[in-house]
There are 2 protein chains.
Amino acid sequence: MVTMKRNTWQREAVRNALTQSEGFVSAQSLHSALRDAGSSIGLATVYRALGDLAGAGDADSLQQDGESLFRACTPDSHHHHLICRECGTTVEIKADAVEQWAKSVAAEHGFTEPHHIVDVFGLCRACSST
Amino acid sequence: MVTMKRNTWQREAVRNALTQSEGFVSAQSLHSALRDAGSSIGLATVYRALGDLAGAGDADSLQQDGESLFRACTPDSHHHHLICRECGTTVEIKADAVEQWAKSVAAEHGFTEPHHIVDVFGLCRACSST
DNA sequence: ATGCTATTGATAACGAATCTCATTACCGCT
DNA sequence: AGCGGTAATGAGATTCGTTATCAATAGCAT
């Protein structure tokens, strides 16, 4: 028995908060959201939990502006996001063609276990008109 | 004439160093490389020059492990990357189909100025076999 | 050359993420 | 249920990449 994993309410809290979050969230914002909701969870714990989730494949992560953003990863509803860089509005988009492309391009170069980051940023209709 | 751009040896030094670098380089390593070569260039200047190059489309940038990496970018060659999450090896990939898809999906939802993040991670051939 | 001002660079400041370590509490065992 | 070991927690300190500050420097038009 090399490593033993324990179940704590903190891990579950992070998992829940992440699942209920829309789009990508930073560790810090998730932490303050939890605190605002009355939780006494620590920041370091949120970082650890998110790292574990990402490592276990239960969360997707991407890096933007020098910070890591996380998103709950539901295996049966893979999709990407169209995000407004002004107001943060996000629209879910499906892209089967892109999924196939990512897989094939990875295989083409001998890469295994492909995992892709595909997100489109822009200005939404409202923000474009201002 | 609202903004005037001046040519300094520092900018050229960064441009040259970046061009001569193999693969992606961090601002800090580029800075110490320049210092090691006898240059007295400052760190902040390297950051500024790299930011300008990236903004002007003369350099590609990606974020990994919380730091930004840069590489000289030959103009008119927009491409994405296939990155090994183990050793960091990167392969340039072209994806015209994805470019078109990003544009159309953005327009479809009323988004303007589309800008997309498309990167594929995986294990390269060498790292897969270990 | 001269004046204006963009640029530089040493350093301070900032922020995200990690580390430390004493305390807590999960979980197998009896 | 009670115990013991030990993984996990969390407040604070620390690391590290990046940006801001601001006096000094140097590019460029005249």
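Look above for the structure.
Not measured: the values here are computed from a predicted model.

Analysis parameters
- Residues numbered from 1 in each chain as written.
- Chains lettered and ligands numbered in written order.
- Predicted model: local features only at pLDDT ≥ 70, side-chain atom pairs only at ≥ 80, totals over all residues.
- Heavy atoms only, no water.
- Pairing = 2+ DSSP bridges.
- Helix = DSSP H or I, 4+ residues; strand = E, 2+ residues; numbered from the N terminus.
- Least-squares fit on C-alpha atoms with pLDDT ≥ 70 in both.
- Contact = heavy atoms within 4.5 Å.
- Salt bridge = Lys/Arg side-chain N within 4 Å of Asp/Glu carboxyl O.
- Buried < 20%, exposed > 50% of the residue type's maximum accessible area, 1.4 Å probe, protein only.
- Near = heavy atom within 4 Å.
- Polar contact = N/O pair within 3.5 Å; in protein donor to acceptor, adjacent residues only side chain to side chain.
- Nonpolar A, V, L, I, M, F, W, Y, C, P; charged D, E, K, R; others polar.
- Buried area = accessible area lost by both parts, 1.4 Å probe.

Further remarks concern the pairing of strand S3 (residues 67–72) of chain B. All names here are of chain B. With 2 bridges connecting them, strand S1 (residues 25–26) and S3 associate as antiparallel partners. Bridge assignment links Ser-26 to a residue of S3, and that residue is Leu-69. Note that strand S2 (residues 59–64) and S3 share 6 bridges and pair antiparallel. Bridging across to S3, Gln-64 finds its partner in Glu-67. Counting the residues in the hairpin turn of S2 and S3 gives 2 residues, including Asp-65, whose phi is positive at 55°.

As a further point, take the relation of the copies chain A and chain B. You can overlay chain A on chain B at an RMSD of 2.0 Å; the transform is a turn of 177° with a shift of 1.1 Å along its axis. What the superposition gives is, in effect, a two-fold axis relating one chain to the other. If distances are taken from each C-alpha of chain A to the rotation axis, the shortest is found for Gly-66 of chain A, at 1.9 Å. When you check the interface residues of chain A against chain B, 100% turn up at the interface there too, and the contact is symmetric in its surfaces.

Taken in spatial order, the 3 strands make up an open sheet running S1-S3-S2 (chain A), and their pairing is antiparallel. Lying at the two open borders of the sheet, with one neighbouring strand each, are strand S1 (25–26) and strand S2 (59–64) of chain A.

Residue and element names in this part refer to chain A. Applying the stated rule across the entire model yields 5 salt bridges over all chains. Note that Arg-11 and Asp-52 form a salt bridge whose closest N and O atoms lie 2.6 Å from each other. Remark: Asp-52 occurs in helix H3 (residues 43–55) and Arg-11 occurs in helix H1 (residues 9–20); sequence separation between them is 41 residues. Note on Arg-11: relative accessible area 32%, which makes it partly exposed.

What follows deals with the protein's contact with DNA strand D. Inspection of the region around DNA strand D gives 22 residues, with Thr-8, Thr-45 and Arg-48 of chain A together with Tyr-47 and Ser-68 of chain B positioned closest. The side chain of Thr-45 of chain A places a nitrogen or oxygen atom 2.6 Å from a phosphate oxygen of DNA strand D. In this structure, a phosphate oxygen belonging to DNA strand D sits 2.8 Å away from a side-chain N or O atom of Tyr-47 of chain B. Of all the secondary structure elements, the ones that give two or more residues to the surface near DNA strand D are H1 and H3 of chain A together with helix H3 (43–55) and S3 of chain B. Residue composition of the surface near DNA strand D, grouped by class: 6 nonpolar, 9 polar and 7 charged.

Another point: the interface of chain A and chain B. Across the contact, 36 residues belong to chain A and 36 residues belong to chain B. Counting the surface lost from both chain A and chain B, the interface buries some 3000 Å², and carbon and sulfur atoms represent 64% of this. Contact with chain B buries surface across chain A, with Gln-63, Trp-101 and Phe-111 of chain A losing the most and accounting together for 22% of the total. At the junction of chain A and chain B, the tally comes to 0 salt bridges. For the pair chain A and chain B, the number of links is 5 residue pairs in polar contact (both at pLDDT 80 or more). Listing elements by their share of the side of chain A that touches chain B, those giving two or more residues are S2, strand S4 (80–84), strand S5 (90–93), helix H4 (96–108), strand S6 (112–123) and helix H5 (125–128) of chain A. Take the side of chain A that touches chain B: its biggest share by element is 12 residues, from S6 of chain A. Grouping the constituent residues of the side of chain A that touches chain B by class yields 19 nonpolar, 11 polar and 6 charged.

Any functional reading would require information beyond the geometric quantities listed.
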